[in-house]
Every structure is written in C-alpha cells, then in structure tokens.
Amino acid sequence: GSTDQNARHRLRFLAMCEAAKAKGIRIWVIAFGTALTTDLTTCGSASSAYQAANSSQLNAAFQDIANQVGELRIVQ
C-alpha cells in the first residue's frame, strides 16, 4: 500500500543523500514553512540544515550558505 511506497521513497531519498555525500558533495537543506525533520537533517551535511518560518529567516539561511560557499577553495 501507500505506507510501503512511502517507506521505499524515504529509503531511496536517504540513499541518494548518502551517495552524494560519499562523493564529497556538500548538501544544504532548508525546511521552509515546515518542520526540519530527521530525514532532512540526515540528508544534509554536518551543520548544513536550516529551518525558516518566514522570508527573512529564509533569506538569512541563504546568506549563510552563500558565505560558506564563498569560502570554498579548490585544492589539488
């Protein structure tokens, strides 16, 4: 039923998040107007999960992410 389908989608979602992180890709997540769930926090990289209840909080989250991206450097 739909419960089984939801469980499969959830596991697929988390598997994709872990596969991306395993390749060194940083994942930021923002819960906008909703709760920051355990699944979203798990999907995001360490210290990369935000919750925003309104547009000013959303803007602040994106500004914080932009500052972090701006600090990234490519190293060989």
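Throughout, a residue's number is its position along its own chain's written sequence, starting from 1. Predicted model: local features are reported for residues with pLDDT of at least 70 only, side-chain atom pairs are reported and counted for 80 or more only, and whole-chain, interface and lining totals are derived from all residues. Side-chain metrics in this entry use all non-hydrogen atoms of the structure; hydrogen atoms and water are not considered.

### Quick word on the overall build of the chain
Looking only at helices and strands, the chain features 3 helices and 2 strands. In this description a helix means any DSSP run of H or I spanning at least four residues, a strand means any run of E spanning at least two, and both kinds are numbered starting from the N terminus. The linear arrangement of helices and strands in the chain, starting from the amino end, is α-β-α-β-α. A globule of 76 residues ought to have a C-alpha radius of gyration of about 11 Å, yet the chain, at 15 Å, is considerably larger. Along the first, second and third principal axes, the C-alpha atoms of the chain reach 45 × 40 × 15 Å. Within the chain, the fraction of its 76 residues that count as buried is 21%. C-alpha atoms define the radius of gyration in this analysis, and the globule rule sets the expected value at 2.2 Å times the number of residues to the power 0.38. Three labels apply to residues, based on accessible area from a 1.4 Å probe with only protein chains included: buried if under 20% of the type maximum, exposed if over 50%, partly exposed otherwise in between.

### What about the environment of Thr41?
Here Thr41 shows up in helix 2 (residues 38-43). Sequence separation of Thr41 and Asn54 is 13 residues, and the distance between their C-alpha atoms is 19 Å. Residues contacting Thr41, with those up to four places away along its chain left out, are Leu36 and Ala49. We call two residues in contact whenever any of their non-hydrogen atoms come within 4.5 Å of each other.

### Regarding the pattern of salt bridges
For salt bridges, the criterion is a side-chain nitrogen of Lys or Arg within 4 Å of an Asp or Glu carboxyl oxygen. Scanning the entire structure with this criterion turns up 2 salt bridges. Of the charged contacts in the structure, one is a salt bridge between Arg10 and Asp39, with a shortest N-O distance of 2.8 Å. Linking Arg10 in helix 1 (residues 2-22) with Asp39 in helix 2, this pair joins segments that are 29 residues apart in sequence. For Arg10, a relative accessible area of 41% puts it in the partly exposed group. Between Glu18 and Lys21 there is a salt bridge; the shortest N-O distance is 3.0 Å.

### Notes on helix 1
Multiplying one less than the number of residues by 1.5 Å gives the expected span of a helix. Spanning 21 residues, helix 1 covers 30 Å between terminal C-alpha atoms, matching the ideal 30 Å at 1.5 Å per step. The complete set of buried residues in helix 1 reads Leu14, Cys17 and Ala20. Down the axis of helix 1, the sector holding all buried residues measures 125 degrees, keeping them to one side. Seen from the buried face of helix 1, the exposed residues on the opposite side, beyond 90 degrees, are Leu11, Met16 and Ala22. Where helix 1 is buried, its residues contact helix 2. It is the directions from the helix axis to the C-beta atoms whose arc is reported.

### A word on the confidence of the model for the chain
Per-residue pLDDT for the chain averages 93, and the proportion of residues at 70 or more is 93%. Strand 1 (residues 29-32) holds the highest mean pLDDT among the elements of the chain, 98, whereas helix 3 (residues 55-70) holds the lowest, 94. What pLDDT conveys is the predictor's confidence in a given residue, as a value from 0 to 100.

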